[in-house]
Each structure stands twice: as structure tokens, then as C-alpha cells.
Amino acid sequence: MSEQSVLEALLADAQRAQDRGDFHELRTIAQEAVSAATASGDDRALSLAWFFLGFAEMQIGAASRAEEAFECSLELASRIGARIEAARAKMNLGVLAFETRFDVPAARRIYEEVIAEFEQLERPLGLAVALAHSTEVCRAVGDYSQALKRGARAIELFEQTGNAWRAAMQRVTNAHVLALVRRNDEAVAQMQLAFEPIRASGNPSSLAAYFEVWSLVAVALEQFSAAAELTGFVDTMRHRDDVRPSIRLMTWVANAQQKIRGTLGIDAYDMAYYIGAHASLDAMRDRVGRLATSAAT
């Protein structure tokens, strides 16, 4: 196999690892790709390899290494005029600004720049991803109307480009925003639409986020036992699959846990948590199905 073929295979493997949420494997592959691309002198491939490495480091929790990798990717892409690759790297620097420093002004500025760039380039998938990230900033600062508007557009674009999993994850974000503004029936409907594409992805981070948002929706519905069961289920999943807690949801989750414990009391909370912690995926799917049915009656 030629040097270029090896590099192309590494980058393809990196994309697959990213898609399935195997971020430790992604880091290993991306490190190999950085070495191979450096040796080949292929700056476009090297920019992409640095991007994958940055994404892996970000998901693992190594923010400083992620930032360094994204900066390398952005510098290379900008130098060779690869606008799409540059916009992707810049967008993830926005994610780091938001998630590691909660620098909302920086994240918002970056996302607005990237949204404009993807619109100009007529890249609907990149635009959808940028809108999805912007949705989370809007949610964090309480601009729920804008969050729902941008989230709806992101879903439309994801579906147009055949990205069912990404559309489903955006539905989960929108469901949480809908619950925050007490549009609970709509929140439940979005969660029901999201499950099958997320399960089909096999991505443990996505599944954990899905059921974690269900716990927040359950609190909005005042179904506190169900919320405690969902908490136990998510905690077990995160421990088993080595999935980091969602920084984006941390404040809401902490507030919800305080409310669940205060309402149920310690003994009832512990019992419900235990049930959820030992539930199978199908059992928990049935549990939220019953929750959705009760919400509709």
C-alpha cells in the first residue's frame, strides 16, 4: 500500500471512530495520521489529522491539547485556502471557549462567523452543525426563542443532508429547551422521534445524553421517581462505557437532582436510582415510553 493510501485509510478510520464515539481510539488513529501526513507533506491531510486529534482530545477532556491541535488545523487550512476545513477547526475552538471557559461572548462571535462562512460556501451540513452549537449558547444564556429557531433550522438541514443521528441529537437539545419553557408535550414528542436514530448510531455518549435529557423532561413533568431511575441508568452507562458527563447540561442536571432528592426523600430516591442503575436499555426505553404515555393523558 502506498504512503498516500495509508494516509487516506487512517483518515477514513478516524472519521468512523469519531462517528461511533470511540474517542480514545480516535486519538490513537489521529496521532498516526498526523505523523503520516507530516511525512507526506500533504498539508490538507495534516490539517484534517490535527482536527481529528483535537476532537478526540476535547472529548476525552484534555482541553489544552485540543486547543493546540485545533489551532494547528486552523493555521494549516487557512494557509492553503481550505475554507471548509478552517471553518470546522474554528467552530470547535468555539466549543472549547464555551465548554471549558464558559466564554459566551467568544463562543457566540465564533459561531456567528462560522455560520456566515458556511452559508457563503453553501455547505448545509457545516451550517447545521454550527447552528446546533449556537443553539446551546442560546440555551445557556436563556435566549430560548432563538435556540428553538436555530435548532429547528439545524434539524431541517441535517435531515436534508441525510444525517439522521445529528438531527436526532438536535431534537434532544430542542426537547430540553421546550421543557424549560414548559412546552412539555412538544418536548416529549421530540424525544420520541429522537430515540431510534440515536440507538442505531451505537454512540454511547449520544445514548447517555438522550436519557439524561429524559430525566430533565421527567422533572418538568413532575415524574420524580422516573427521573431518579433515569439518573441511575445514565450513571451506570457512563461508568460502563467511559463516557464523560455532559458539561453542557451540568447546571440543569445539578438543579434537577436537588429537586428530585428534595421531593422524594433519600430512601425513595435511592430505591428508584437502584432500579434504574440495574435496568437494561430496552427496559429503560419502555420506562420512558410509559412516561410519554402518562404525559399525553
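Scoring rules and cut-offs
- Counting of residues starts from 1 at the beginning of each chain's written sequence and follows it residue by residue.
- Confidence filtering applies because this is a predicted model: local features only for residues at pLDDT of at least 70, side-chain atom pairs given and counted only at 80 or more, and all residues used for totals across whole chains, interfaces and linings.
- Hydrogen atoms and water are omitted, and side-chain values are computed over all heavy atoms in the structure.
- Buried residues of nine kinds, namely Ala, Val, Leu, Ile, Met, Phe, Trp, Tyr and Cys, make up a nonpolar core once their side-chain atoms join them within 4.5 Å.
- Buried means the residue's accessible area, taken with a 1.4 Å probe over protein chains only, is under 20% of the maximum for its type, while exposed means over 50%, and partly exposed covers the values in between.
- Comment: elements are numbered from the N terminus, with helices defined as DSSP H or I runs of at least four residues and strands as E runs of at least two.
- Put plainly, a pocket is an open set of points on a 1 Å grid over the protein atoms alone with protein on both sides within 12 Å along at least five of seven lines, a cavity is a set where a 1.4 Å probe fits but cannot get out, and a lining residue has an atom within 4 Å of a point.
- Grid points are joined across faces, edges and corners, and a volume is the space filled by probe spheres set on the points.
- An axis is simply a line fitted to the C-alpha atoms; with a helix, the fit covers only the stretch in contact. Between two such axes, the angle follows the N-to-C directions and lies from 0 to 180 degrees.
- Throughout this description, any angle smaller than 35 degrees is read as roughly parallel, any larger than 145 degrees as roughly antiparallel, any in the 65 to 115 degree range as roughly perpendicular, and the remainder as oblique.
- By definition, any crossing whose near helix is turned counterclockwise from its far helix by less than a right angle is left-handed, and any crossing with a clockwise turn is right-handed.
- Note on contacts: a residue pair is in contact if any heavy atoms of the two residues lie within 4.5 Å.
- Charged means Asp, Glu, Lys or Arg here, nonpolar means Ala, Val, Leu, Ile, Met, Phe, Trp, Tyr, Cys or Pro, and polar covers whatever is left, Gly included.
- Multiplying one less than the number of residues by 1.5 Å gives the expected span of a helix.

Asks: For the nonpolar core, give the residues involved together with the corresponding values.
Replies: Core analysis: the biggest nonpolar cluster contains 56 residues, and L26 and F70 have the highest contact counts within it. If you list the elements that add at least two residues to this core, you get α1 (3–20), α2 (23–40), α3 (43–60), α4 (63–79), α5 (83–101), α6 (104–121), α7 (124–140) and α8 (144–160). The element best represented in this core is α3, accounting for 9 residues.

Asks: Which residues make up the layout of surface pockets, and what are the values?
Replies: It is the rolling of a water-molecule-sized probe over the atoms that shows where space remains empty. Here the second largest pocket defines a volume of roughly 340 Å³. Along its surface, the second largest pocket is lined by H176, A179, L180, R182, L216, V219, A220, E222, W252, N255, A256 and K259. Put simply, the parts of the chain that give the lining of the second largest pocket at least two residues each are α9 (164–180), α11 (204–220) and α13 (250–264). Take the lining of the second largest pocket: its biggest share by element is 4 residues, from α13.

Asks: Tell me about unusual backbone geometry, and name the residues and values.
Replies: One non-glycine residue, F102, adopts positive backbone phi at about 45°. On the secondary structure map, F102 appears in the loop between α5 and α6. Backbone geometry places E222, a non-glycine residue, at a positive phi of 60°. Structurally, the position occupied by E222 is in the loop between α11 and α12 (224–241).

Asks: Can you explain the packing of α6 against α7? Please cite residues and give values.
Replies: The relative placement of two packed helices is expressed as an angle between their axes plus a distance between the axes. At their nearest, the axes of α6 and α7 sit 9 Å apart, and the two run at 160° to each other. Judged by the angle between their axes, α6 and α7 are roughly antiparallel. Crossing hand, α6 versus α7: left-handed. Residues V104, A107, R108, Y111, E112, V114, I115, F118 and E119 of α6 form the contact with α7, whose own contacting residues are G126, L127, A130, L131, H133, S134 and V137. Counted by class, the contact of α6 with α7 contains 10 nonpolar, 3 polar and 3 charged residues.

Asks: Describe α8, and please don't skip the residues or the numbers.
Replies: Between its terminal C-alpha atoms α8 stretches 24 Å, which fits the 24 Å expected from 17 residues at 1.5 Å a residue. Of the residues making up α8, those classed as buried are A147, L148, R150, G151, A154, I155, L157 and F158. Contacts from the buried residues of α8 go to α6, α7, α9 and α10 (184–201). Looking at the residues trailing α8, positive phi occurs at G162, about 75°.

Asks: I'd like to hear about the packing of α9 against α10, residue by residue, with values.
Replies: Interaxial distance between α9 and α10 falls to 8 Å at its minimum, and their mutual angle equals 155°. Taken together, the axes of α9 and α10 lie roughly antiparallel to each other. Handedness of the α9/α10 crossing: left-handed. Where α9 abuts α10, its residues A164, W165, A168, M169, R171, V172, A175, L178 and A179 lie against N184, E186, A187, Q190, M191, L193, A194, P197, I198 and S201. Residues belonging to the contact of α9 with α10 are distributed by class as follows: 14 nonpolar, 3 polar and 2 charged.

Asks: Outline α2, listing residues and values.
Replies: With 18 residues, α2 should reach 26 Å at 1.5 Å per residue; the first-to-last C-alpha distance of 25 Å fits that figure. Inspection of α2 places F23, L26, I29, A30, A33, V34, A36 and A37 among the buried residues, and these make up the whole buried set. Downstream of α2 by a residue or two, G41 has a phi angle that is positive, lying close to 75°.

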